[in-house]
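Observations on the three-dimensional arrangement
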Amino acid sequence: MIELIPAIDLIDGKCVRLTKGDYEQKTVYGENPVAVAEEFERLGFKRLHVVDLDGAKSKHIVNDNVLRGITANTSLTVDFGGGIKTDDDIEKAFDAGAAMVTIGSVAVTHPELCQKWIERYGADRIILGADVRNGMISINGWKEDSTEPLIPFLKKYIDMGVKNVLCTDISKDGTLQGPALQLYKSVMQVFPTLHLIASGGVSSNNDINELEENNIPAVVFGKAFYEGKIDINKLCL
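Read on for a plain summary of the structure. (Residues numbered from 1 in each chain as written. Predicted model: local features only at pLDDT ≥ 70, side-chain atom pairs only at ≥ 80, totals over all residues. Heavy atoms only, no water.)

What follows covers the packing of helix α1 (residues 33-43) against helix α3 (residues 64-73). The interhelical angle for the contact between α1 and α3, taken along N-to-C directions, is 35°, at an axis separation of 9 Å. Remark: the crossing between α1 and α3 carries right-handed chirality. Between α1 and α3, the residues in contact are Pro33, Val34, Ala37, Glu38 and Glu41 and Val66, Gly69, Ile70 and Asn73, respectively. Counted by class, the contact of α1 with α3 contains five nonpolar, two polar and two charged residues. (Axes fitted to C-alpha atoms, helices over the stretch in contact; angles between N-to-C directions. Helix = DSSP H or I, 4+ residues; strand = E, 2+ residues; numbered from the N terminus. Left-handed = near helix turned anticlockwise from the far one by under 90°. Contact = heavy atoms within 4.5 Å. Nonpolar A, V, L, I, M, F, W, Y, C, P; charged D, E, K, R; others polar.)

Okay, here's the thing in structure tokens:
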């Protein structure tokens, strides 16, 4: 069964969604992210993906107080990403209750630091964030493209012990045009035991079902839920 992970993206302490990572294309879906998280738990979800978009842009954690509020008021297993650049940042995330952290930019710019974190905290607590644009990894809140192609990037970290990868096709994110199924299938072909979390473009229950039929282990969704395009009653929670 595919793992279902709703997402809360944070700007100015509010629950928002962007389109293709563009901070100018922002929609606010909730003034109180803790209340949104509590509703996800009430509906039966077990996991939550929280992204500090202010942190991603500022290159340091900004919304750890919101994370703390979510983990204090729900029993959701929360993974947290955005702005984790230093030892202080990752400690701040774990201290605020994150069960796991998603590491993206640092994995490109400072692989030795990322490796240290994998060894210190364990691979189960580190999710590799692989944000893809035109086949290359993008960093710093999707503002910059690196020279790292996706598959070699993944291999490097899987060889270090990484088990969980959150892969976002930036061109799909927030568009409600369907996920990058072929991209995820190609990743699973190369790394069949990887716990791959598909992210970006989910628009309906059918998209989720299609990912599950193609043996994609997990999926993150946000906008489709907030806009009522996913029927919760038809999900296996």
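So, on to the environment of Gly13. Along the polypeptide, Gly13 turns up in the loop between β1 (3-11) and β2 (14-19). When the C-alpha positions of Gly13 and Gly30 are compared, they lie 9.5 Å apart, and in sequence the two are 17 residues distant. Gly13 has contacts with Glu31, Pro33, Asp54, Asn63 and Val66, leaving out every residue within four places of it along the chain.

Burial analysis of strand β4 (residues 47-52) places six of its six residues in the buried class, which makes it a mostly covered element. One ladder, built from four bridges, connects β1 with β4; its direction is parallel. Residue Leu10 lies in a different strand from β4, and its bridge partner there is Asp52. Relative to strand β5 (residues 77-81), β4 runs parallel, the two sharing five bridges. Directly across from Arg47, in β5, lies its bridge partner Thr77. (Buried < 20%, exposed > 50% of the residue type's maximum accessible area, 1.4 Å probe, protein only. Pairing = 2+ DSSP bridges.)

Here we come to the packing of helix α7 (residues 150-159) against helix α8 (residues 181-190). If you want to describe how two helices pack, look at the angle between their axes and the distance between the axes. It is at 11 Å that the axes of α7 and α8 come closest, and there the two elements cross at 40°. Looking at the two axes, α7 sits oblique to α8. The element α7 and its partner α8 pack so that their crossing is right-handed. Counting all contacts with α7, which are made through Leu150, Ile151 and Leu154, the residues of α8 involved are Leu183, Val187 and Val190. For the contact of α7 with α8, the class distribution of residues is six nonpolar, no polar and no charged. (Parallel < 35°, antiparallel > 145°, perpendicular 65-115°, else oblique.)

On to the pattern of salt bridges, then. What the rule picks out here adds up to 10 salt bridges. Linking Asp9 and Arg17 is a salt bridge whose minimum nitrogen-to-oxygen distance equals 2.9 Å. The exposure class of Arg17 is buried, given its relative accessible area of 8%. Residues Arg42 and Glu39 are paired through a salt bridge, measuring 2.7 Å at the closest nitrogen-oxygen approach. One end of the pair is Arg42 and the other is Glu39, both in helix α1 and three residues apart, which spans about a single turn. Judged by its relative accessible area of 31%, Glu39 falls in the partly exposed class. (Salt bridge = Lys/Arg side-chain N within 4 Å of Asp/Glu carboxyl O.)

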